[in-house]
Amino acid sequence: MSSSAADNAPGRGRAPLAISAAIIAGLVILFFIFAGLYTDVLWFDQLGFLNVLTTQWIAGTVLFLIGFVAMAVPVWVSIQLAYRLRPVYAKLNSQLDRYQQVIEPLRRLAMFGIPALLGLFAGVAAATRWQTVLMWLNRTETGRVDPQFGFDISFYLMDLPLYQAVLAFASAVVLISALVSVATSYLYGSIRVSGREVLISKAARVQIAVTAALYLLLQAVSIWFDQYSTLTNQGTLITGAGYTDVNATIPGRAILAGIAAVVALLFILTAIIGRWRLPVIGTALLIVSSLLIGSLYPWVVERFQVEPSAKSLEAQYIERNIDLTRDAYNVAGIEEIPYNAKTTAEPGALRADAATTANIRILDPALVSDSFAQLEQFRQYYQFPGNLDVDRYMIDGTSQDTVVAVRDLNIDGLNTGNTWVNSKTVYTHGYGVVAAYGNQRSVDGQPVFLESGIPTSGALGDFEPRIYFGETSPEYSIVGAEEGSNPIELDYPSGEEGAGQTYTTFSGDGGPKLDNAFKKLIYALKFQSEQIFLAASVNDKSEILYDRDPVTRVQKVAPYLTLDSDAYPSVVDGRVKWIIDGYTTSAKYPYSTPVSLSDAIADTETPPQPYALDSINYMRNSVKATVDAYSGEVTLYAWDDKEPLLQTWQKIFPSTLKPMSEMSGDLMSHVRYPADLFKVQRSILGQYHVTDPGSFYSKDDAWISPNDPDSPATNPTLQPPYYLTMQVPGADAPSFSLYTTFQPEATGESSRNVLYGYLAVDADAGSEDGVRAEGYGQLRLLNLPKDGTVPGPGQVQNVFNADPAVSTELNLLRQGSSTVLNGNLLTLPVGGGLLYVQPVYVQSTGETSYPLLQKVLVAFGDQIAFEDTLDGALDVLFGGDSGATAGDTAVPDPAATDGATGGTTDGATGGADVPTESTGDAATDAQLKSLLAVAKTALADKATALAAGNFADYGTADAKLAETIASMLALLGE
């Protein structure tokens, strides 16, 4: 063997190895991709929504191929034509000659590789437009036309977006094709630069001229469609076409479209006759025209015609904006009611509002999470959300507002026990619903539960309590077992810590089955855990539960919906079900003012999103969705089957939505008017409660929602709307409602924290099978007097904080390292005026402490009261007799109680130790109350002595106060 052959032998040996390694690596990558796709198929198929996934895949694949071909073929043809029609004997300069020598070996690869790469990017971009294309193919008319062009509104929602996307794509294809053809022609001598002269061969001239003509024709069509875009453009005054747009911009764009089409014909002429002068002149004319007609003329009209008489000239277009904005956000049917609110509290004033008064919620769902946790968590591997939900249940024939939460799983609470076996196969679910009366409190300030304990018991009857699908469920769990095997899933604790645990086996159909080795393998790859494949507890009957958050599940099966930020649990038909509101939204509704959805819903309870890009100008609550907390079953109900966007999506994804008629009466009684929609509507109504164009232009009656009075001054947040059962003026009977308030829009020294408006919506859908209550969704706006006599939430909170008697009692409550927490400040239109109610909680600094409801503040006009119970506070406020009773009248007197806390019921503890903040001793409670009265007297004596300058009496009172506080601390064991 020669030396050269020997030297080459290792190289020849390494080449097959490298090729084999590359093939193996490619196959591994493809298998990982396949595993991800196949698990998606299994997940959607198990839920019964496989057609949602396949429709997206088919639409995306078809659009990818169309986009790839639409880009790659024209670019390839442009390169081929430029190369094949190149001059045979072109004189090239030395630099181009060197470029050719470098490029020539790669020419064939480049001629196919460049179009393919560009086609790949174009295909991906086209695939992302699957929703736009499918909506256009299945479009549904709205039955309403725009006031400018007379098109059905569906043209702007579903047609125009596609046309503009196609024109933009086609323009990009033609422009890129032109660039690659010019580059190829230059490289191979079809275009030469000789001094100041540019020499273009006939073939290159024809190709460039035709390409330019195509591009200009596309621009002509695009400019023509830009006329219609003016109806969704946001101006300084309104959204939509104003006077300048209608009389200058729209006609100007029509003219420019015609000029662009003429210039395109001039380029075709150049391709035939070979002269560039006419298209060059035409192009220059187009540029000048675009500046004069497209920019200068509208500016002149705006500056010299509109601005001096804007109020009158813009009136017609402001009216369009008002009408279509109110229609787009579904506030056109709002009932406006003059409400000359009283500000003087008179005895018996609440007699006509007895039903509302009895349902005033004094339990703050944003503060009692810790109370729920300390009283009802039982084990460290359970948890409750930070903000609880408000629901209502029929208790003894009466609708009762309740604060509810599920006892969800907290895997992090296992600490060192957080092994794969424990976290994935043993601790698989939460347990039970905990519900408390919204209008009651126990003797020591604890919630009064109507459903509690482990096992769960109470007024909600028998239901499946296990929470396999919740907001804090683990990433995945493996459940199920072969028949006859011992259950290994911890169901609930039933005794002392570590003993007497109850186990169960999941028996539902909640996830894909792991019934063969291949499925185990692909899920082991998906979750990067070999235990799924190797663990003995994973058998042929096992199911893997994942994507368990209710909002995530609904979003995956209904990708066209915008979902409410709050999913809430309800006991419905013997099951715990999460209820989620789904919206169809758009940003293309003509003449409608857009809002940022994230900004509109942001308040104290909903934090703002830092990088949200979710501008919308149309919104409908078109779908009510439920997720079964045990089985994970997702059900979508068409709540508004006349809504055109939903009708379009029903054509795209047939059989995925059920009609409202299939909703049970029990479910109907728990769905509610969604808070996020209401927040968007209040954001709009701050400006658009005004329907007179002149007043709207002057902004002399603009409103805003008040800041939460308890939010920090350095970072104020809006006061959230609240759910309450009440009778709003104008309504026939009390109903579960959602409300918010308005104050005049102003900043700085000119701002006034007085109420101008009170907005409420009937949130009760009724309880009849498949029939929505007639009043559901009715918006009522109470217009208050503009003389500023009704204080706003911030003003009322300041009065509470500044009142000497209130301050004295709060200071006493703060003694002993305790913290005073202000609850939600509620506003109720009762007694002919507006009643403010604020629960006051006290929380010690102990590790296991939780807020206890100790006092209730109430205000009516400029009068306030501060008592132990809401009922007592109302009587004090209204001259000794309010005329109605509140729901906390049953709170026993601590001096007469037998020590019951009221915080738990028989069987509620389930054998667990429940820490409380009450003394548990009625005599001690009575002593504390007596000492509190002594301390109040001592504080008053101190203030009197200080004002009189009598320091001897001041010292005596101070010593008495210190002695009293010490006695109180001794009773508390501190």
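One can find the structure itself at the top, above this paragraph.
Just so you know, these numbers come straight off a predicted model, no measurement behind them.

Visitor: Could you give an account of the overall build of the chain, with specific residues and numbers?
Guide: Scanning the chain from terminus to terminus reveals 27 helices and 34 strands. The buried share of the chain, reckoned over its 974 residues, is 50%. Total accessible area computed for the chain in this model is approximately 42700 Å², and 56% of it derives from carbon and sulfur atoms.

Visitor: Which residues make up the environment of G686, and what values go with them?
Guide: Note on placement: G686 falls in helix α21 (residues 675-688). Take G686: its relative accessible area is 2%, and that puts it in the buried class. For the pair formed by G686 and T741, sequence separation is 55 residues and the distance between their alpha carbons is 10.0 Å. If we ignore the near neighbours within four places in the chain, the residues touching G686 are D701, A702, W703 and F742.

Visitor: Explain the sheet that holds strand β9 (residues 433-437) residue by residue, including any values.
Guide: Judged by pairing direction, the sheet is antiparallel, and its 5 strands sit side by side in the order β5-β6-β9-β10-β11 without closing on themselves. Unpaired on one side and paired on the other, β5 (389-395) and β11 (457-458) mark the two borders of the sheet. Relative to β9, strand β6 (residues 398-406) runs antiparallel, the two being bridged by 5 bridges. Note that in β9 the partner of T402 across the bridge is Y437.

Visitor: Residue-level account of the pairing of strand β26 (residues 722-726), with values.
Guide: When you tally the buried positions in β26, you get 5 out of 5 residues, the bulk of the element. Residues of β26 alternate between two faces, with Y722, L724 and M726 on one and Y723 and T725 on the opposite face, all of them buried. Note: β26 against strand β27 (residues 735-744), 5 bridges, orientation antiparallel. If you follow Y722 over to β27, its bridge partner there is Y739.

Visitor: Please provide a residue-by-residue account of unusual backbone geometry, values included.
Guide: Cis geometry marks the peptide bond from I454 to P455; its omega dihedral reads -5 degrees. By secondary structure assignment, the location of P455 is in the loop between β10 (449-452) and β11. Positive phi, normally seen in glycine, also occurs at D396, with a value near 55 degrees. Among the structural elements, D396 can be located in the loop between β5 and β6. For D396, a relative accessible area of 79% corresponds to the exposed category. Backbone geometry at D547 places phi at a positive 50 degrees, although glycine is not the residue there. Along the polypeptide, D547 turns up in the loop between β16 (543-546) and α17 (550-557). The exposure class of D547 is partly exposed, given its relative accessible area of 24%.

Visitor: Tell me what's going on with the side chain of S592, and back it up with residues and numbers.
Guide: Considering the arrangement of structural elements, one finds S592 in the loop between β19 (575-586) and β20 (595-596). According to the relative accessible area criterion, S592 is buried, its value standing at 0%. Within the structure, the side chain of S592 is placed 2.6 Å from the backbone oxygen of N617, a separation counted as a polar contact. In contact with S592, other than residues within four places in its own chain, are T239, N321, L324, T325, A328, Y329 and N617.

Rules used in this analysis
Residues numbered from 1 in each chain as written. Predicted model: local features only at pLDDT ≥ 70, side-chain atom pairs only at ≥ 80, totals over all residues. Heavy atoms only, no water. Helix = DSSP H or I, 4+ residues; strand = E, 2+ residues; numbered from the N terminus. Buried < 20%, exposed > 50% of the residue type's maximum accessible area, 1.4 Å probe, protein only. Areas by Shrake-Rupley, 256 points an atom, 1.4 Å probe, with all protein chains shown as cover. Contact = heavy atoms within 4.5 Å. Pairing = 2+ DSSP bridges. Polar contact = N/O pair within 3.5 Å; in protein donor to acceptor, adjacent residues only side chain to side chain.

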